[in-house]
Structures are given as structure tokens and as C-alpha cells.
Amino acid sequence: MTTKNRTLGEFIIENQTSFKYSSGELSKLINAIRLAAKVVNHEVNKAGLVDILGAAGETNIQGEDQQKLDVLANEKFIQTLTNREIVCGIASEEEDDFITINSNDNNHQNKYVVLIDPLDGSSNIDVNVSVGTIFSIYRRVTPVGTPVTLEDFLQPGKNQVAAGYVVYGTSTMLVYTTGDGVNGFTLNPAIGTFYLSHPNMQFPEDGKIYSVNEGNYIHFHQGVKDYIKYCQEEEGDRPYTSRYIGSLVSDFHRNMIKGGIYIYPKSSVTEEGKLRLLYECNPMAFLAEQANGLAIGGKNRILDVQPTELHQRIPFFCGSKNMVLKLQEFLEKYH
């Protein structure tokens with residue numbers, strides 16, 4: 001079977017034996033995420049036609065205004081994962097606390113927890129710019145047969161068994177890893193099937209794109225300022241190109257394909273950083289490392305960070321290996 005003809009479902013079945021926990025549960029879980037992504041994709045694509053644009057009139061746990069599609073995507077993913085009875089817990093960026101799930105006759109026998117950002121970059125919906133979903137999967141650490149606890153969710157990123165994202169753009173793609181490389185699948189909307197379109201995705205070791213919200217430049221710490229100036233210097237293959245969409249999924253996806261670095265530092269305004277360790281940084285860091293890239297929070301590898309709270313924020317630098325290493329040199333000057 002050629003790459004072009006291989007569906008996501010076939011790929012999951014063919015590759016589940018390479019996963020060290022090959023009970024089939026993880027395959028069912030990826031399939032449930034695939035189904036929910038198709039539902040959310042349908043809603044995103046008709047956003048301009050029905051009343052699901054704009055703010056929902058509420059704020060989430062981070063104090064951010066929730067968009068109507070945020071709420072809808074959150075409901076769809078939680079509903080789909082719950083109905084499939086294959087996870088024991090869900091944590092969402094849109095929920096104050098984690099959700100414990102017990103199937104009707106299972107007595108808390110399920111082994112996986114899912115952490116999810118249901119609609120990353122949702123403020124871009126109103127202006128028809130690409131948004132996405134980010135997910136992260138862990139095996140529980142508390143005993144099977146008991147309800148999940150906070151401990152099951154506060155695991156370092158290196159414990160992830162799978163992670164990925166869906167980008168809802170000019171085409172809709174699902175990109176994921178189970179620790180054996182990164183593969184991308186594009187949705188054929190005519191028949192509702194994802195096909196393997198980007199096998200073995202890799203960050204180029206070098207890149208010429210830097211992605212940062214330069215409007216916050218004045219608030220950045222000096223090491224980050226110096227690196228941005230380095231990117232803008234006319235020397236060698238520089239200056240680099242500045243590209244920033246404001247949707248992590250979209251910026252990450254472009255940089256993985258073309259080569260680049262994504263920068264979201266802490267600042268004098270956001271001293272802890274802004275991105276969430278569990279819902280955004282860990283899954284993207286896992287994908288980056290599986291695709292020959294790097295992800296750091298400063299000195300430290302993102303995947304080694306021990307979480308202390310469900311909605312913890314952290315600085316995030318991620319992308320092509322040599323670009324991240326060069327940034328790290330600038331950061332270390334001021335530690």
C-alpha cells in the first residue's frame with residue numbers, strides 16, 4: 001500500500017505493535033481524538049455562517065475570554081472521549097479542574113489520561129486564520145481500579161505515551177507521535193478520511209524563520225532581546241524572516257516543515273511565561289524532539305520539568321535544533 005493511500009486508521013493498526021503498550025486501548029484513544037477532530041473541523045469551517053463567532057461571555061480558569069468555539073470544541077472532545085469509555089480522566093485548558101471518568105461497568109479500569117487544549121489560537125477564528133487542537137496522553141500512575149487523582153496529570157512531559165495536534169487550515173491535518181517519529185495525516189473532506197500525507201516529519205536542523213510576538217519586545221528579558229537582534233542582523237544567512245501567526249499549532253507546524261524557532265518567553269508582564277506546560281508546551285516539546293528538534297524553557301529541557309499545578313505556565317522556546325541552541329547561548333549570558 002502506498003503512503004498516499006494509507007488511512008490514519010490503517011496506520012494506527014499497522015504500527016500499534018511498535019508501541020510498548022500494545023493492548024489496543026491507545027489505538028482506540030487516537031481514533032476517538034480523530035473523530036472529535038472531524039466534528040470540530042466541521043464547526044470551524046462553518047464558523048462564518050452560523051452564530052458561533054465571537055466571545056461566549058465567560059472567562060476560563062486563566063482569566064481569558066472564552067470564545068464560543070472554545071466552549072463547543074471543549075464539549076465535543078470531552079463528550080467523545082467520555083462516550084468511548086477508554087480514558088479514566090481528562091484535563092482541559094478550559095476547565096478549572098480535571099474530570100474523573102468511569103465507564104458503566106469498568107470500575108475505573110481504564111489506564112490513560114488525556115490533557116487537551118481544545119481550540120488553540122481561537123481568538124483568530126473571527127478573522128479566518130488557522131487554529132488547532134493540542135492533545136497529550138499519559139498512562140495513569142495511581143492504581144488501576146481507583147479514581148484518578150491530580151498525581152496522574154502532574155507528570156513530566158517525558159512520561160507522555162502520545163501527543164499531537166490538529167491544524168484546521170486550508171486543509172485539515174492531524175499530526176501525532178507515540179514516541180516513534182512524527183507523522184501527519186490530511187483530511188479528505190469529501191469522504192471524511194485522514195490519509196498519511198507527511199510521513200516521518202522532521203525539523204530541518206537549521207532554519208531562517210523566527211516566530212515571536214515582537215510587540216512585546218520591550219518587556220522581554222535581555223537574552224531574548226539580544227537573540228532577536230541577532231536574527232535581524234545582516235550577516236551570513238541572516239537576517240532571518242519574522243513570521244508570527246499567534247496560533248501555536250500554526251506557527252509550530254510551519255516551522256517544522258520549513259525550519260524555524262518559536263519563542264514565547266517570560267517577560268516583565270508575564271513573569272512565569274504565558275503558555276501552559278501541560279496543555280501546550282509538553283505535547284509540542286514531545287513532537288519537536290521526535291522530529292529532530294529541541295524544546296527548552298530556558299536552561300532546562302521542557303520534558304524534564306516536574307509540573308506543580310494543573311494550569312502551570314512556563315517560558316517556551318522550540319524548533320530547529322541549531323536555532324534553539326544558539327538562543328540558549330544568549331539566554332545563558334544573563335543567568
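This text follows the structure it describes.
Owing to the predicted nature of the structure, the values given are computational and were not obtained by experimental measurement. (Residues numbered from 1 in each chain as written. Predicted model: local features only at pLDDT ≥ 70, side-chain atom pairs only at ≥ 80, totals over all residues. Heavy atoms only, no water.)

## Considerations on the overall build of the protein chain
Thought 1: Helices and strands together make up the secondary structure of the protein chain, namely seven helices and 15 strands.
Thought 2: By residue count, 54% of the 335 residues in the protein chain fall in the buried class.
Thought 3: Contacts in the protein chain between residues far apart in sequence, at least 24 positions, make up 66% of those at least 6 positions apart.
Thought 4: Working note: accessible area of the protein chain is about 14200 Å², and carbon and sulfur atoms make up 46% of it. (Helix = DSSP H or I, 4+ residues; strand = E, 2+ residues; numbered from the N terminus. Buried < 20%, exposed > 50% of the residue type's maximum accessible area, 1.4 Å probe, protein only. Contact = heavy atoms within 4.5 Å. Areas by Shrake-Rupley, 256 points an atom, 1.4 Å probe, with all protein chains shown as cover.)

## Points about the packing of helix 1 (residues 8–15) against helix 2 (residues 25–45)
Thought 1: Running from amino to carboxyl end, helix 1 crosses helix 2 at an angle of 165°, the nearest separation of the two axes being 10 Å. In this view, helix 1 runs roughly antiparallel relative to helix 2, as classed from their interaxial angle. Classified by chirality, the crossing of helix 2 by helix 1 is right-handed. Counting all contacts with helix 1, which are made through L8, G9 and I12, the residues of helix 2 involved are S27, I30, N31 and R34.
Thought 2: In terms of residue class, the contact of helix 1 with helix 2 is built from three nonpolar, three polar and one charged. (Axes fitted to C-alpha atoms, helices over the stretch in contact; angles between N-to-C directions. Parallel < 35°, antiparallel > 145°, perpendicular 65-115°, else oblique. Left-handed = near helix turned anticlockwise from the far one by under 90°. Nonpolar A, V, L, I, M, F, W, Y, C, P; charged D, E, K, R; others polar.)

## Quick notes on the pattern of salt bridges
Thought 1: Under the criterion given, the structure shown has 11 salt bridges.
Thought 2: Notably, a salt bridge pairs K158 with D304, separated by 4.0 Å at the nearest N-O pair. Placement of the pair is K158 in the loop between strand 6 (131–139) and strand 7 (162–168) and D304 in the loop between strand 14 (293–296) and strand 15 (316–320), with a sequence separation of 146 residues.
Thought 3: For D304, a relative accessible area of 40% puts it in the partly exposed group.
Thought 4: The salt bridge partner of R238 is E233, with a shortest N-O separation of 2.8 Å. (Salt bridge = Lys/Arg side-chain N within 4 Å of Asp/Glu carboxyl O.)

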